[in-house]
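Summary of the model geometry
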Amino acid sequence: MELASLIANVQGLTVIGVGLILGLGAAGTAIGFGLLGGKFLEGAARQPELAPMLQVKMFIVAGLLDAVTMIGVGMALFFTFANPFLSAVQSAAG
Amino acid sequence: MSTEGGATAYIVHHLTPLSVGEGFWAFHLDTLFFSAVLGGIFVWFFKTVADKATAGVPGMMQNIAEMLVEFVDNQVKDTFHGRSDLIAPLALTIFCWVFLWNAMDMLPVDLMSAIGGVMGIDYIRVVPSTDLNATFALSISVFFLIIFYSIKVKGVAGFVKEMTCTPFGPKMLPFNLLLKLVEELAKPISLALRLFGNLYAGELVFILIALLPPVIQPVLGFPWAVFHILVITLQAFIFMVLTIVYLSLAHEEH
């Protein structure tokens, strides 16, 4: 029972951590994309002939914005399915 | 398949690579196989088009190849401010190869698993970009190219000077070095993890959708698949553009 409650504790805290990683990453990316898209629309409205070039550059910056969020998603999924803290508890207890 | 143990086991089964060996020497045979096959397809396609290229009315394959080459060439011309014969072919290779890797994610989740099961292979992951080994292999190769070109264009003395004397003067040498090291290391790490994170998350969402009741699957699966088409192309494009930008920075002389 002691082991089960330890595992439950670790899992519960891990889930909260994963939720924070995913949620904060999503919030930051959403705000960033919103600003980026808004600036692009403004620029395209000002000079429509530059719109294709601006769109390419927008996608480039979008990829950069996504990067750390995706790194966070990768780490969050890693903690969900291959939690190293859990294996530490299990190897220490059994 | 609706018990919790069943769902987790299904997910883990689909995300476990076919690996041989332990620890550092674990070879992911499925990643190696599929990335080699896709590289072969890429080389075969362009070689066939180059052999049969005509200046008259082009066929479909030649059209596609010309579009790709022109697209990459324009990107390189816009972004690369040095002189090099290597950059455009490198960019084309990276774009097409990463795009083919990512496109493997569009195959149905259970299809490759079933084929593998028939052939006696228990675990198989068909998307090389969901394997950290593959994405880091590509980005570490780009990292070595960056260092190689930095030294080639600036000389060893110039390279050392750039590492130790920018952005602040020579008096703050340790601080400069630390800053430059972090900046240089951030390039391959962010390249690899960006591609990995996007594709791993995409594959995981496909697997999670596969766990839903079959009636709901198209409702969620179809929009996600369509969005994923954008992500596939975008991530290959970003990898290529950032490679060109980093190599352009390496070619800079003051």
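None of the values given here were measured: they were computed from a predicted structure. Here the residue numbering is sequential within each chain, running from 1 through the sequence in written order. All chains are assigned letters beginning with A, and all ligands numbers beginning with 1, in the order in which they are written. Note on the predicted model: pLDDT of at least 70 is required for a residue's local features to be given, and 80 or more for side-chain atom pairs to be given and counted; whole-chain, interface and lining totals, by contrast, use all residues.

Looking now at the overall build of chain A. Strands are runs of DSSP state E lasting at least two residues, helices are runs of H or I lasting at least four, and both sets are numbered from the N terminus onward. What chain A contains, in helices and strands, is three helices and zero strands. Ordered by position from the N terminus, the helices and strands of chain A form the series α-α-α. Throughout, the radius of gyration refers to the C-alpha atoms, and the reference size of a globule is 2.2 Å times the residue count to the power 0.38. Taking 94 residues into account, the globule formula puts the C-alpha radius of gyration at 12 Å, and chain A, at 21 Å, lies well above it. Here the C-alpha coordinates of chain A stretch approximately 70 × 15 × 10 Å along the principal axes. Working definition of burial: number of other C-beta atoms within 10 Å of the residue's own, with buried at 20 or more, exposed at 12 or fewer, and partly exposed in between, all C-beta atoms being placed from the backbone. Across the 94 residues of chain A, 13% fall into the buried class. Partitioning the intrachain contacts of chain A with sequence separation of at least 6 by distance along the chain shows that 83% fall at a separation of at least 24. By the convention adopted here, residues make contact when the C-beta atoms placed from their backbones lie within 7 Å.

All right, on to the interface of chain A and chain B then. Listed by partner, the interface residues are eleven residues for chain A and 16 residues for chain B. Here the side of chain A that touches chain B is built from residues that sort into eight nonpolar, two polar and one charged. For this classification, the nonpolar set comprises Ala, Val, Leu, Ile, Met, Phe, Trp, Tyr, Cys and Pro, the charged set comprises Asp, Glu, Lys and Arg, and every other residue, Gly included, is treated as polar.

With that out of the way, let us pick up the confidence of the model for chain A. In the predicted model, chain A carries a mean pLDDT of 89, and the fraction of residues at 70 or more is 100%. Residue-level confidence of the predictor is summarised by pLDDT, bounded by 0 at the bottom and 100 at the top. Across chain A, element-level confidence peaks in helix α1 (residues 2-46) of chain A with a mean pLDDT of 94 and bottoms out in helix α3 (residues 84-93) of chain A with 85.

With that settled, the discussion passes to the nonpolar core. Note on definitions: a nonpolar core is a set of buried residues drawn from Ala, Val, Leu, Ile, Met, Phe, Trp, Tyr and Cys, linked by C-beta atoms within 7 Å. Judged by nonpolar contacts, the single largest core of 50 residues is most densely connected at A91, I94, F95, V98, A236, F239 and M240 of chain B. Contributing elements (two or more residues each) for this core: α2 (51-81) of chain A together with α2 (29-51), α3 (60-79), α4 (87-103), α6 (132-165), α7 (173-210) and α8 (217-250) of chain B. What M240 of chain B contacts, discounting residues up to four positions off in sequence, is A91, I94 and F95 of chain B.

Moving on, we get to the environment of P108 of chain B. With respect to the helices and strands, the residue P108 of chain B is situated in the loop between α4 and α5 (109-118). Separated by 102 residues in the primary sequence, P108 of chain B and A210 of chain B have C-alpha atoms spaced 9.2 Å apart.

Let us now look at α6 of chain B. All names here are of chain B. Multiplying 1.5 Å by the helix residue count minus one yields the expected span of that helix. The end-to-end C-alpha distance of α6, which contains 34 residues, comes to just 34 Å, noticeably less than the 50 Å that a straight helix rising 1.5 Å per residue would cover. Bend angle per residue: angle between axes fitted to the 7 residues ending at that residue and the 7 residues starting there. At G155, α6 is deflected by roughly 110°, the largest bend along its length. Residues A134, T135, L138, S139, V142, Y149 and S150 constitute the buried set of α6. The inward-facing, buried residues of α6 contact α2, α7 and α8.

Residues and elements named next belong to chain B. With respect to the element layout, A88 can be found in helix α4. A tally of 17 C-beta atoms within 10 Å means that A88 is categorised as partly exposed. Along the sequence, A88 and V76 sit twelve residues apart, while their C-alpha atoms lie 6.3 Å from each other. Ignoring anything within four residues of it in the chain, the contact list for A88 reads V72, D73 and V76.

Residue and element names in this part refer to chain B. Axis definition: a line fitted to C-alpha atoms, limited for helices to the stretch in contact. Angles are taken between N-to-C directions and run from 0 to 180 degrees. Put simply, α6 and α7 touch, their axes get as near as 8 Å, and they point 155° apart. Considering the angle they form, α6 stands roughly antiparallel to α7. Note that α6 runs across α7; the crossing there is right-handed. Where α6 approaches α7, its residues L132, T135, F136, S139, I140, V142, F143, I146, M163, T164 and C165 are matched on the opposing element by L173, N176, L177, K180, K187, P188, L191, A192, L195 and F196. Tallied by class, the residues present in the contact of α6 with α7 amount to 15 nonpolar, four polar and two charged. Any angle that is under 35 degrees is reported as roughly parallel, and any over 145 degrees as roughly antiparallel; angles of 65 to 115 degrees are reported as roughly perpendicular and all others as oblique. Here a crossing is called left-handed whenever its near helix is offset anticlockwise from the far helix by less than a right angle, and right-handed whenever the offset is clockwise.

For the rest of this paragraph, the subject is the environment of I238 of chain B. Along the chain, I238 of chain B turns up in helix α8. With 24 C-beta atoms counted inside 10 Å, the residue I238 of chain B sits in the buried group. In this structure, the C-alpha to C-alpha distance between I238 of chain B and R194 of chain B, residues 44 residues apart in sequence, is 9.5 Å. In contact with I238 of chain B, not counting residues within four places along its chain, are I60 and G63 of chain A.

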